[in-house]
2 protein chains.
Amino acid sequence: MQRIASCSVPTPSLKVPAVLLLVLLSTAALRVHAAAGQSPETVAAQLRDAAMAGHDIAYSWVSELTTRFGPRPAGSQSEQQAAAWAAERLKALGFENVHIESFPITAWVRGSESAQLVAPSTQPLVIAALGESPATQPGGLEGDVVIFPTLTDLKAAAPGSLNGKIAMVAQRMVRAQDGAGYGAAVPGRTDGPHEAAQRGAIAYLLRSVGTDSHRQAHTGTTRYVDGRVPVPAFALSPPDADQIERIAALGQTVRVHLFSGASYVPDARSQNVIAEVRGRERPQEVVLLGAHLDSWDQGTGAIDNGTGTAIITAAAKLIRDLPHRPRRTVRVVLFGSEEIAQPTAPGHTFGGHSYAVNHQSELANHVLAGESDLGTDRVYLFALPSVVAQSEFAKTLLRVLTPIGVLASDRPPEDVGADVTPTVEAGVPAFALSQDGMTYFDIHHTPDDTLDKVDRAQLDQNVAAWAAFVWLAAESDVDFRPRPAPASAGVPPAKP
Amino acid sequence: MQRIASCSVPTPSLKVPAVLLLVLLSTAALRVHAAAGQSPETVAAQLRDAAMAGHDIAYSWVSELTTRFGPRPAGSQSEQQAAAWAAERLKALGFENVHIESFPITAWVRGSESAQLVAPSTQPLVIAALGESPATQPGGLEGDVVIFPTLTDLKAAAPGSLNGKIAMVAQRMVRAQDGAGYGAAVPGRTDGPHEAAQRGAIAYLLRSVGTDSHRQAHTGTTRYVDGRVPVPAFALSPPDADQIERIAALGQTVRVHLFSGASYVPDARSQNVIAEVRGRERPQEVVLLGAHLDSWDQGTGAIDNGTGTAIITAAAKLIRDLPHRPRRTVRVVLFGSEEIAQPTAPGHTFGGHSYAVNHQSELANHVLAGESDLGTDRVYLFALPSVVAQSEFAKTLLRVLTPIGVLASDRPPEDVGADVTPTVEAGVPAFALSQDGMTYFDIHHTPDDTLDKVDRAQLDQNVAAWAAFVWLAAESDVDFRPRPAPASAGVPPAKP
């Protein structure tokens, strides 16, 4: 009752008491009736089953977030408003120590932009400027296109060989369940503009880093070199890249006109939103759950990463509503500025870095950190630090997650996500609840990243896996850190 | 050999001898070796099987057409260039009487265009001006949105009730195999702007007439009333229509800014391209095969209707390469300006109308007319004029087409397509080879209508159905016209 009453406190700037009431009522109905003395595994299974039975917390979260604020580019007013909304909502859901930590960034703003084939025929092209990429001159630029099958081929081109030309890398991203195709293709986006400029190119075109064949370009950030992205750089939609390749295959020179009115806001700010379920016995020990609140500007950031913020919030809320708190603290961090996860100017930063700096003194007590940032498809694999791979903790976890289709990985987490990477690099052990990434890169960073792409059953399965996992980790006293080397360390084991 | 030699004649403006050679060589390899004295059914089966075995004619056609010319809006230079290319290609393929018939139209040209939510939050919207719809003022227009679930609801609004508002019809198109959902939704596009303007609206928004959920708006033509489209009118992408409805459902007023720089070219011209396989016995009797060469401007018109032109051309080419011609003439017409199939100004016209007027004196000898204009999915149904529904012709056709998955319809063709409608309305019997339309309206009239959406196996099946059907009709002496009423006509039959 008290929670319901507290949600009736007027929130005039948001005007959503009715919707909020609905969320809280459905949460109350879902409350896991764990009896005192039940084993952690029994409670984990109850959390899992409650989430799988379907609920409104996660879907309402991502629906409201994307509907009210639309795109939330790093440093924008909408990112800031979404953070304020999220903090209010987290308080209303009963989280503790809810606060916002702000930090400076250089924001990048897409302007109007356009591209056309101008020879051998006039045809419009669907492009998107890559994040951080500079504007063209006001009248645009024009050049013949030189096509390279891969970034490696571009790197093999001689200095000066692209003078006055537009370099294009046509590499196709490979569809892979674990998202490995992304890692293989992304250097074309991050490093391509610099490599092209080094050889004299006046602009850079990239076949979108994506697995679909729709007329939408996948944006994404480029890498600063010496404090700047050297030339205007654009992603082409996959069908437009096909078209350019086909025309070139007819033996014709492809000439393109490009325009971008992108700009920078050097004194912008972004922010992390932090909320906790304080631990009942070891509150200083933190299990960190991360996801990012910012999004690219073309879509409304539903699967990247509205669903991630929804999944971790809903999982923590289910744990918060248990009759007794876990022993350790569960901390939810909704990071800002993940999409530009690189220093954008001297002294500036991004959410993951800002968190690790602000909370440096606490990191020794962070027992585990993980991130949800691969859309909304089901979790199919968990990965733990090596030290607990064969432990009772891992066996319990496997028993709880197997019924919802989750395997145990045979190796520790590798890419843990940009938000928690600085924390993990500071020594905090990482876990992963890996999502099926087969279709994620059909949508990722395109205008198509909208709420209709969210599958509620998949979302529920994610919440189930996160709630069960995080509960078990926070209720345990397991030490996930590497053990100190034994005295015999350095002496090779005797060969059998 | 002679055909191959003829293709080597320099065509400097097109520069495609190598590709053309490839097309002709693969055609030659495919030539159906029908022996003299074989039954028409046997030859039809051979044509069917040759097409199903896979060939390059149709795919090369749609690939080159869409690659070389991109979008081909009615009255544009690219439509004209595509028509010139098609005529040259038809000659090179060995067709007879190849010529172009030009006619005047008022062309409509999309300008730059944009839309944003301006309240309760600022969010970009993905829209496309509807064809023929006028520009806004240079600074655009702004108004509160009034949402109507259907056009019927808009029509029920009182005069003056939309003064200064933007009317929006949010009706969702139903997915249906025979495309019936399109007919049900299209009045929202054709009649909506006028109905909105009549009630005082300053602009009109329509949830795209389409079955997908991508961030692309489906354009399409609106209807002139009293010689004009009264207000700027736009299609919204389905996710954008969802977003507006969700915001309104939160109880908030949705305010939108719209801009369109569309314009008209009153003295443009379009053209039909005509080619024949002259009949060996009754050359004056014509089996008419239609498809349209123009396209909307957002995509490259691959499935609407590059594939249609490819299918009928490839089918006629297979027939042309038989050892002996059919008895009747097979006439291929690649129509212009189908997408604006309405008189756009006094004295102006569209391709289907122009053909019926120009060939009025021949129409009495047109034995049958049909059109391919529903993309590239497989033919699943044929429909014949009632008079031959139970004939040997129909039985033979069913035997030939059943093996490739085609049913016989239990009713005559209904909507025969805009290209041949004026010809059919002048009394020419219609046939239909109906394609599966389940996914066609995911792509139709969007930027996504590009070559990558063409399935080669489906394309082959279409060519097989058309080649077999057209051969049987052209080789027969069947009269497809309604019989004169018998003497007893007018006397009701005795009740049983």
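Structural notes on the sheet that holds strand E12 (residues 328–335) of chain A
Neighbouring strands of a sheet are bound in pairs by backbone hydrogen bonds; such pairs are parallel or else antiparallel.
Residues and elements named next belong to chain A.
Logical step 1: As summarised here, the arrangement of the five strands in space is E1-E10-E12-E11-E13, forming an open sheet in which the pairing is mixed. Both edges of this open sheet fall to strand E1 (96–109) and strand E13 (366–371), since each of them pairs with a single strand only. Neighbour-to-neighbour, the strand axes of this sheet turn through a mean angle of 20°, independent of strand direction.
Logical step 2: The pairing of strand E11 (residues 282–292) with E13 spans five bridges and is classified as parallel. Pairing of Leu289 across the sheet is with Gly370, part of E13.
Logical step 3: Sheet contacts for helix H11 (residues 302–320): strand E10 (263–277), E11 and E12; angle to E11, the most-contacted strand, approximately 155°.

Focus: the pattern of salt bridges
Logical step 1: One pass over the structure, following the stated rule, counts 68 salt bridges over all chains.
Logical step 2: Between Glu41 of chain A and Arg399 of chain A there is a salt bridge, with the nearest N and O atoms lying 2.9 Å from each other. Here Arg399 of chain A lies in helix H13 (residues 392–401) and Glu41 of chain A lies in helix H3 (residues 40–52), a separation of 358 residues in the sequence.
Logical step 3: Between Asp436 of chain B and Arg378 of chain B there is a salt bridge, with the nearest N and O atoms lying 3.4 Å from each other. Here Asp436 of chain B is found in the loop between strand E16 (432–435) and helix H15 (456–475), whereas its partner Arg378 of chain B is found in the loop between strand E13 (366–371) and strand E14 (379–383), with 58 residues between them in sequence.
Logical step 4: Given a relative accessible area of 9%, Asp436 of chain B falls into the buried group.
Logical step 5: Salt bridges linked by common partners bring Arg172, Arg207, Asp242 and Glu245 of chain A together as one network.

Considerations on the interface of chain A and chain B
Logical step 1: On the chain B side, the residues contacting the 32 residues of chain A number 32 residues.
Logical step 2: The junction of chain A with chain B conceals about 2,400 Å² of combined surface from both sides, 50% of it contributed by carbon and sulfur atoms.
Logical step 3: When the buried surface of chain A facing chain B is broken down by residue, Thr67, Arg215 and Leu250 of chain A rank first, second and third, together holding 24% of it.
Logical step 4: Connecting chain A to chain B are zero salt bridges.
Logical step 5: Summed over the shared surface of chain A and chain B, the result is 23 residue pairs in polar contact (both at pLDDT 80 or more).
Logical step 6: Breaking the side of chain A that touches chain B down by element, the ones donating at least two residues are helix H4 (57–69), strand E3 (123–125) and helix H10 (238–249) of chain A.
Logical step 7: Among the residues making up the side of chain A that touches chain B, the classes are represented as nine nonpolar, 15 polar and eight charged.

Brief notes about the pairing of strand E9 (residues 255–260) of chain A
Residues and elements named next belong to chain A.
Logical step 1: When you tally the buried positions in E9, you get five out of six residues, the bulk of the element.
Logical step 2: Examined bridge by bridge, strand E2 (residues 113–119) and E9 share six bridges and lie antiparallel to one another. The partner of Gln116 across the bridge, within E9, is His257.
Logical step 3: Of the strand pairs in this sheet, strand E5 (residues 141–148) and E9 are connected by four bridges, and their pairing is antiparallel. Among the inter-strand pairings, Leu141 is bridged to a residue of E9, identified as Leu258.

Here's the deal with the environment of Val400 of chain B
Residues and elements named next belong to chain B.
Logical step 1: Examined against the element boundaries, Val400 turns out to sit in helix H13 (residues 392–401).
Logical step 2: Note: C-alpha distance between Val400 and Gly183 (217 residues apart in sequence) is 31 Å.
Logical step 3: When sequence neighbours within four positions are dropped, the list of residues in contact with Val400 reads Glu41, Ala44, Ala45, Arg48, Ala468 and Leu472.

Notes on the confidence of the model for chain A
All names here are of chain A.
Logical step 1: Summary statistics for chain A give a mean pLDDT of 91 and a share of 89% for residues scoring 70 or more.
Logical step 2: For the stretch residues 1–29, pLDDT sits under 50, and the model shows 34 contacts to residues farther than four places along the chain or on other chains.
Logical step 3: A low-confidence stretch, residues 489–496 (pLDDT under 50), is modelled with zero contacts involving residues beyond four sequence positions or located in other chains.
Logical step 4: Our summary of model confidence lists the complex with pTM equal to 0.90 and ipTM equal to 0.89.

Some points on the sheet that holds strand E16 (residues 432–435) of chain A
Residue and element names in this part refer to chain A.
Logical step 1: One open sheet holds the three strands; their spatial order is E15-E14-E16, and the pairing between them is mixed. Each having just a single partner strand, strand E15 (407–408) and E16 make up the two edges of the open sheet.
Logical step 2: As defined by bridge partners, strand E14 (residues 379–383) adjoins E15 across two bridges and the pair is classed as parallel. For Phe382, the partnering residue across the bridge sits in E15 and is Ala408.

Cut-offs applied
Residues numbered from 1 in each chain as written. Chains lettered and ligands numbered in written order. Predicted model: local features only at pLDDT ≥ 70, side-chain atom pairs only at ≥ 80, totals over all residues. Heavy atoms only, no water. Pairing = 2+ DSSP bridges. Helix = DSSP H or I, 4+ residues; strand = E, 2+ residues; numbered from the N terminus. Axes fitted to C-alpha atoms, helices over the stretch in contact; angles between N-to-C directions. Contact = heavy atoms within 4.5 Å. Salt bridge = Lys/Arg side-chain N within 4 Å of Asp/Glu carboxyl O. Buried < 20%, exposed > 50% of the residue type's maximum accessible area, 1.4 Å probe, protein only. Buried area = accessible area lost by both parts, 1.4 Å probe. Polar contact = N/O pair within 3.5 Å; in protein donor to acceptor, adjacent residues only side chain to side chain. Nonpolar A, V, L, I, M, F, W, Y, C, P; charged D, E, K, R; others polar. pLDDT = per-residue confidence, 0-100.

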